[in-house]
Amino acid sequence: MIGIVLFKTALAVYLASAVVYGISLWVRKVQTARIATWLMLAALVIHTLSFVSHCMTAGPSPAVGIHDTLSFFAWVMAAAYLGLQLRTKTRVLGVFVSPVIFLIMVVASVRLGGDVGGSAALQGSLVMFHVIFSVTGEALFAVASCAGLMYLIQDDMIKKKKGGSLIRLFPSLRDLDRINHLCLSWGFTLLTFGILAGSGWARIVWGSHWQWDTKQIWTLLAWVLYGFLLYQRLVIGWQGRRAALWSLVILTLLALLLIIGTVFFPSVHKFV
């Protein structure tokens, strides 16, 4: 019960943070964005306490359901963004990140307090590592795409000589490109570890690393696409607008495929 209250409180504070970030852009005041950042930090702390409360009352979940997965996804996005603020001057990027976090929390709240069920094949320590690494990597890709979107908007405003005083609030294009690169690099690394853990568990349970499951195919596609983008950045030298555009296109494509796969195709990655 306490965990549910903490989750709802975190959801409300994430909303407040998103609203204040929007106001900061409207009034064109960096100080307002600072308040929004503190609100996001408060929401993250409360969100963390909700996880702790859940573990204390229910113990580690034998399987990870849609609520836990989405809640953790939002938590990683918030933590990653706040951590990146310590290294870059990207406070106003929260205008793009905070609404995404809030919307994910809203979707997660639909199954709040419900029972999490799953087959025995989806229970085990490797499954937990698989979920943690994979979801963290995917959340970092989402942050990279938010930075990419802001890069594209700001770059377009600069080229068209629009924005005036608004453009001064935005982080530098260099910082946005740096965030895109850092999130892409760490996200790809963690997703790789997640795939290896999941593949190892599949071998133990089903006797084969590959099952032609829709979620496996989707994850492999994500790994290939982001691996391609990382290769282009590190070897070919992609950066700036091209890297930002591709990170946004890949995330949009994967989101659409995930929705289609979840709705129309069966999967062993199902929880009720």
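You'll find the structure just up there.
Residues numbered from 1 in each chain as written. Predicted model: local features only at pLDDT ≥ 70, side-chain atom pairs only at ≥ 80, totals over all residues. Heavy atoms only, no water.

A. Here's a closer look at the overall build of the protein. Secondary structure assignment for the protein yields eight helices and zero strands. Counting from the amino terminus, the protein carries its helices and strands in the arrangement α-α-α-α-α-α-α-α. For the protein, with 272 residues in total, the buried portion stands at 46%. (Helix = DSSP H or I, 4+ residues; strand = E, 2+ residues; numbered from the N terminus. Buried < 20%, exposed > 50% of the residue type's maximum accessible area, 1.4 Å probe, protein only.)

B. Region of the structure containing the nonpolar core. Ranked by size, the top nonpolar core spans 58 residues in total, and within it Y14, M40, M77, L93, I101, M105 and F170 carry the most contacts. Only α1 (2-27), α2 (30-58), α3 (66-85), α4 (94-109), α5 (125-159) and α6 (173-206) provide two or more residues apiece to this core. Once residues within four sequence positions are removed from consideration, F170 is found in contact with L25, V92, M150, Q154 and M157. Counting twelve residues, the second-largest nonpolar core is a separate cluster that includes L184, F188, Y226 and I250. (Core = buried A, V, L, I, M, F, W, Y, C linked by side-chain atoms within 4.5 Å. Contact = heavy atoms within 4.5 Å.)

C. Seen up close, the pattern of salt bridges. What the rule picks out here adds up to three salt bridges. Between D155 and K159 there is a salt bridge, and its shortest N-O distance comes to 3.3 Å. In this pair, D155 and K159 are both assigned in helix α5, four residues apart and thus about one turn of the helix distant. Exposure remark for D155: the relative accessible area of 9% places this residue in the buried category. On the accessibility criterion, K159 (58% relative accessible area) is exposed. (Salt bridge = Lys/Arg side-chain N within 4 Å of Asp/Glu carboxyl O.)

D. Up close: the packing of aromatic side chains. Within the structure shown, the criterion is met by eight aromatic pairs. Centroid distance F141 to Y226: 3.7 Å. Interplanar angle 10°. Geometry classified as stacked. With F141 in helix α5 and Y226 in helix α7 (residues 214-236), the pair connects residues that are 85 residues apart, well separated along the chain. Aromatic side chains F228 and W246 sit 5.9 Å apart centroid to centroid with 65° between the ring planes, which places their arrangement in the edge-to-face category. Placement of F228 in helix α7 and of W246 in helix α8 (residues 241-264) is noted, with a sequence separation of 18 residues between them. The exposure class assigned to W246 is partly exposed, which follows from its relative accessible area of 36%. Aromatic rings pair up to connect F129, F133 and F193 into one cluster. (Phe/Tyr/Trp six-rings, centres within 6.5 Å; stacked < 30°, edge-to-face > 60°.)

E. Fine view of the side chain of H47. Tracing the sequence through the fold places H47 in helix α2. Among the residues examined, H47 registers a relative accessible area of 0% and is labelled buried. At a separation of 2.7 Å, a polar atom in the side chain of H47 contacts the side chain of S71. The residues touching H47, leaving out its near neighbours within four places in the chain, are F7, A10, Y14, S71, A74, W75 and M105. (Polar contact = N/O pair within 3.5 Å; in protein donor to acceptor, adjacent residues only side chain to side chain.)

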